[in-house]
Amino acid sequence: MPDFRTLLCSALVAGTALGGVALAPVALSPVALAQSADKPADKPAPQSAPQSAPAQPTVPAPVAEEGKPAAGSDAKTSDHSPTSQTLAPAGEAATPANSQSEATGAATAPASGANAAAQPEGADAELARGAYLATAADCVACHTKPGGKPFAGGLKIATPMGDVIATNITPDPQHGIGAYTEADFENALRHGVRKDGSYLYPVMPYVSYAGMTDQDVKALYAWFMHVVKPVAEAPEETNLSFPASLRSAMMAWNFVASKETPETGDSSTYDQLRRGRYLANALEHCGTCHTPRNFMLSEKQDHYLAGGSLGTWYAPNVTSSKTGGIGDWSEDDLVAYLRTGRVAGRAQAAGPMAEAVEHSTSHLTDADLHALAAFILKVAPMDDDADHAARDAAGKAAETPDIRTKGPQRIDDLAEMDGPHIYDANCSACHGHDGAGTRDHYVPSLFNNSTVGAGRPDNLIMTILNGVDRTAGKEHAFMPGFDGQSNVQRLSDAEVAALTNYVTATFGTGDHQVTPELVKSLRKDTPVVNPLAKGK
């Protein structure tokens, strides 16, 4: 699950006046679809319309004409680049992600039993479309706990106000969304309002999913209801501390937060740039992490994809800036990164981005990957406060003497080592004394590496602590972590700081003067997860 945990640390201040309630911080993550379905609403909103009627939002949401936000609407324009006039089909239906196959069996197979009788002509195509949309929207990442059944919820998303527990979104009628009508589903997906009328926390990116077309919402609903296997399990309830426990506060936040404007027509027939914009903003919700936020924690649309802190990790600037962003990347570079999680001599995905690659982007069609890459590379360039040169252009191979002593080091010698000795003892066996990695790039070079060459050390520290465990297609990348749960070597805060400073000074942009206190603050927010036990 993407680790976007602490963005709602000071949010919804203006909601006090707007909603007449005390508002509080909540955490923001890009992919949960609904939160704490079993907890009663503190102030229910009106019930949504029955299934036979058109879906009506219970949260004010001005309707816009195609291509224009409605008057007074807080909708995002999503128009961050010109649209190509050459029509080309994109986004053909595909089989679901491997991570979802356990929940669905064959997602494109016809439904059976009572559900099959209810399916209209062409249902197979609609179900295949829904499966692909669920993959593109990365629903499984937040709604599946480690070792749990797909979409059955239970994953804990840490926030300063307590854990938000991802809900069961299987079609189980008691514990999941089996009793949701299509109107109920649309209301939760686009407007953040549950069937019982209470408001969802914005850990679920409904402000992005609001941009989905009616056809795609319908297909996604059909897939969840007719293909996903129901799981009769009730996750723990979300129980945040006051005043974040007042879900009615979200009504005020929804009123001021920027939202995507619903797209129209058949999204699979959009031209390349329109398709790429739709993928980036509505489905993959790239801006949820990569766009900085204002004091209300709404995305700053004038800094679209310019980078933002996620608490522990930092989602970097991915605008077309050649210094602060990825303007020096080719379209093929970005496609390769989204498909595999790595580009030799440039970058490797770790943390939340590795999970997005594993669960979502690595399963997109080639046409969609190129559409997404083409759109992102046309986003207006934004300079970066910390990165003043291409992150992947920093450093060179080190020419360092062998610092090992002739005598063996006792295993009970607990004295903390300096940076060079920590690197030699824990990193050089794979990355090499010169930092060049392996010839096949399975172990990446530490120079010409966007994590090491970044002006912010956050992601390097988090990679040292958590390691890397990423599967994309048939490629698996693994690096052990060195945190307090490590099965390899447990490094102290001071040792992680010393190692970070040595690596950036030797292979990157210089010594960042990382302190043990900074490492401690990041380690404190790091979930206790052993990557060697992933999926067990």
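Residues numbered from 1 in each chain as written. Predicted model: local features only at pLDDT ≥ 70, side-chain atom pairs only at ≥ 80, totals over all residues. Heavy atoms only, no water.

1. A look at empty space enclosed by the protein
No. 1: For the coordinates displayed, the defined rule picks out five cavities of 30 Å³ or more.
No. 2: There is about 830 Å³ of room inside the largest cavity.
No. 3: Lining the largest cavity are 45 residues, with His 290, Pro 316, Val 318, Tyr 337 and Met 353 positioned closest to its centre.
No. 4: Put simply, the parts of the chain that give the lining of the largest cavity at least two residues each are helix H11 (287–290), strand S6 (314–315), helix H12 (331–340), strand S8 (347–348), helix H13 (351–359), helix H14 (366–376) and helix H17 (458–466).
No. 5: In terms of residue class, the lining of the largest cavity is made up of 26 nonpolar, 10 polar and nine charged. (1 Å grid on protein atoms, 1.4 Å probe; cavity = no way out; pocket = protein on both sides within 12 Å on 5 of 7 lines; lining within 4 Å. Points joined across faces, edges and corners; volume = space filled by probe spheres on them. Helix = DSSP H or I, 4+ residues; strand = E, 2+ residues; numbered from the N terminus. Nonpolar A, V, L, I, M, F, W, Y, C, P; charged D, E, K, R; others polar.)

2. Regarding the confidence of the model for the protein chain
Low-pLDDT stretches of the model should not have their predicted coordinates read in fine detail.
No. 1: Taken as a whole, the protein chain shows an average pLDDT of 78; of its residues, 72% reach a score of 70 or greater.
No. 2: Predicted confidence is poor over residues 1–79, with pLDDT under 50, and the contacts of this stretch with residues over four places away or in other chains come to 254 contacts.
No. 3: Every residue in residues 81–100 is under pLDDT 50, and counting partners more than four places away or in other chains gives 53 contacts. (pLDDT = per-residue confidence, 0-100. Contact = heavy atoms within 4.5 Å.)

3. A few points about helix H18 (residues 493–507)
No. 1: Taking 1.5 Å of rise per residue, 15 residues should cover 21 Å, and H18 covers 21 Å from first to last C-alpha, within 8% of that figure.
No. 2: In terms of burial, H18 is a largely internal element, 11 of the 15 residues being buried.
No. 3: By the burial criterion, the buried members of H18 are Asp 493, Glu 495, Val 496, Ala 497, Leu 499, Thr 500, Asn 501, Tyr 502, Val 503, Thr 504 and Phe 507.
No. 4: Turning to H18, the residues buried within the fold contact helix H15 (419–426), H17 and helix H19 (516–524). (Expected span 1.5 Å × (residues − 1). Buried < 20%, exposed > 50% of the residue type's maximum accessible area, 1.4 Å probe, protein only.)

4. As for the pattern of salt bridges
No. 1: On inspection of all chains with the given rule, the structure shows 21 salt bridges.
No. 2: Residues Asp 214 and Arg 190 are paired through a salt bridge, measuring 2.8 Å at the closest nitrogen-oxygen approach. In this pair, Asp 214 sits in helix H8 (residues 214–226) while Arg 190 sits in helix H6 (residues 182–191), placing the two residues 24 residues apart along the sequence.
No. 3: Classification of Asp 214 by relative accessible area gives exposed; the value is 55%.
No. 4: A relative accessible area of 7% places Arg 190 in the buried class.
No. 5: The partner of Arg 391 in a salt bridge is Asp 387, and the shortest N-O contact between them spans 3.4 Å. (Salt bridge = Lys/Arg side-chain N within 4 Å of Asp/Glu carboxyl O.)

5. Some details on the packing of helix H10 (residues 272–283) against H14
No. 1: For the pair H10 and H14, interaxial distance at closest approach is 7 Å and the crossing angle is 85°. In terms of orientation, H10 lies roughly perpendicular with respect to H14. Between H10, through Gln 272, Leu 273, Arg 275, Gly 276, Arg 277, Leu 279, Ala 280 and Asn 281, and H14, the contact on the second element is made entirely by Asp 368, His 370, Ala 371, Leu 372, Ala 374 and Phe 375.
No. 2: A breakdown of the residues in the contact of H10 with H14 according to their chemical character gives seven nonpolar, four polar and three charged. (Axes fitted to C-alpha atoms, helices over the stretch in contact; angles between N-to-C directions. Parallel < 35°, antiparallel > 145°, perpendicular 65-115°, else oblique.)

6. Things to note about the nonpolar core
Taken as a class, soluble globular proteins show a tendency for nonpolar side chains to be buried jointly.
No. 1: Core analysis: the biggest nonpolar cluster contains 66 residues, and Phe 151, Phe 185, Leu 189, Met 212, Leu 220, Trp 223 and Phe 224 have the highest contact counts within it.
No. 2: For this core, the element with the most residues is H8, which contributes eight residues.
No. 3: Setting aside residues up to four positions removed in sequence, Leu 220 forms contacts with Gly 130, Leu 133, Ala 134, Phe 185, Leu 189 and Met 212.
No. 4: Judged by nonpolar contacts, the second largest core, of 29 residues, contains Trp 313, Tyr 423, Leu 465 and Phe 507. (Core = buried A, V, L, I, M, F, W, Y, C linked by side-chain atoms within 4.5 Å.)

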